[in-house]
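# Coordinate analysis (summary)
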Amino acid sequence: MYYGNEGQLEYDFVVAPGADPNRIELAIEGADAVEVDTSGDLRLEVAGRELRWRRPVVFQQRDGERIDVAGAYVLQPTP
């Protein structure tokens, strides 16, 4: 799902119960550089400009309660 939040585009991956969230993958093409910085943000350089995706916020809903879960971007080598 994607939506606007205070003038920013945001997105959520909604994972069904029992599904493996480790299977979520993003493919980025056309960036000159891609890195995960020390704050956990994904930092891209594209045509001399910086694009930043904030570190993932991961949680699950259980009995109407939000439970935070550890999560992070993991860069995979390109084949």
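Okay, so let's go over this structure. Small disclaimer: the values here were computed from a predicted structure and weren't measured.

Right, let's get into the environment of arginine 66. Take arginine 66: it is sitting in strand E7 (residues 65–69). When its relative accessible area of 46% is taken as the criterion, arginine 66 is described as partly exposed.

Bringing the side chain of aspartate 41 into the picture now. Along the polypeptide, aspartate 41 turns up in the loop between strand E3 (33–36) and strand E4 (42–46). Only 2.9 Å separates the side chain of aspartate 41 from the backbone nitrogen of arginine 55, close enough to count as a polar contact. If sequence neighbours within four positions are ignored, aspartate 41 has contacts with Glu35, Val36, Arg52, Trp53, Arg54, Arg55 and Tyr73.

Looking at the secondary structure, you find serine 39 in the loop between E3 and E4. Serine 39 sits in the partly exposed class, given a relative accessible area of 42%. Within polar-contact distance, the side chain of serine 39 engages the side chain of aspartate 37 at 2.8 Å.

Here the idea is simple: oppositely charged side chains can pair when their charged atoms come close. The full count for this structure, using the stated rule, is 8 salt bridges. In this structure, glutamate 45 engages arginine 43 in a salt bridge whose closest nitrogen and oxygen atoms are separated by 2.5 Å. The exposure class of arginine 43 is buried, given its relative accessible area of 16%. Glutamate 50 is the partner of arginine 43 in a salt bridge, and the nearest nitrogen-oxygen pair spans 2.9 Å. Three or more residues joined by partner-sharing salt bridges are found here, namely Glu35, Asp37, Asp41, Arg43, Glu45, Glu50, Arg52 and Arg54.

The sheet built from 3 strands is open, its strands ordered E3-E4-E5 with antiparallel pairing. Both edges of this open sheet fall to E3 and strand E5 (49–53), since each of them pairs with a single strand only. Pairs of neighbouring strands in the sheet enclose a mean axial angle of 20 degrees, with direction left out of account. Of the pairings in the sheet, the one linking E4 to E5 comprises 5 bridges and is antiparallel in character. Directly across from arginine 43, in E5, lies its bridge partner arginine 52.

What counts and how
- Residues numbered from 1 in each chain as written.
- Predicted model: local features only at pLDDT ≥ 70, side-chain atom pairs only at ≥ 80, totals over all residues.
- Heavy atoms only, no water.
- Helix = DSSP H or I, 4+ residues; strand = E, 2+ residues; numbered from the N terminus.
- Buried < 20%, exposed > 50% of the residue type's maximum accessible area, 1.4 Å probe, protein only.
- Polar contact = N/O pair within 3.5 Å; in protein donor to acceptor, adjacent residues only side chain to side chain.
- Contact = heavy atoms within 4.5 Å.
- Salt bridge = Lys/Arg side-chain N within 4 Å of Asp/Glu carboxyl O.
- Pairing = 2+ DSSP bridges.
- Axes fitted to C-alpha atoms, helices over the stretch in contact; angles between N-to-C directions.

Interpretation in functional terms is not warranted from these geometric data alone.
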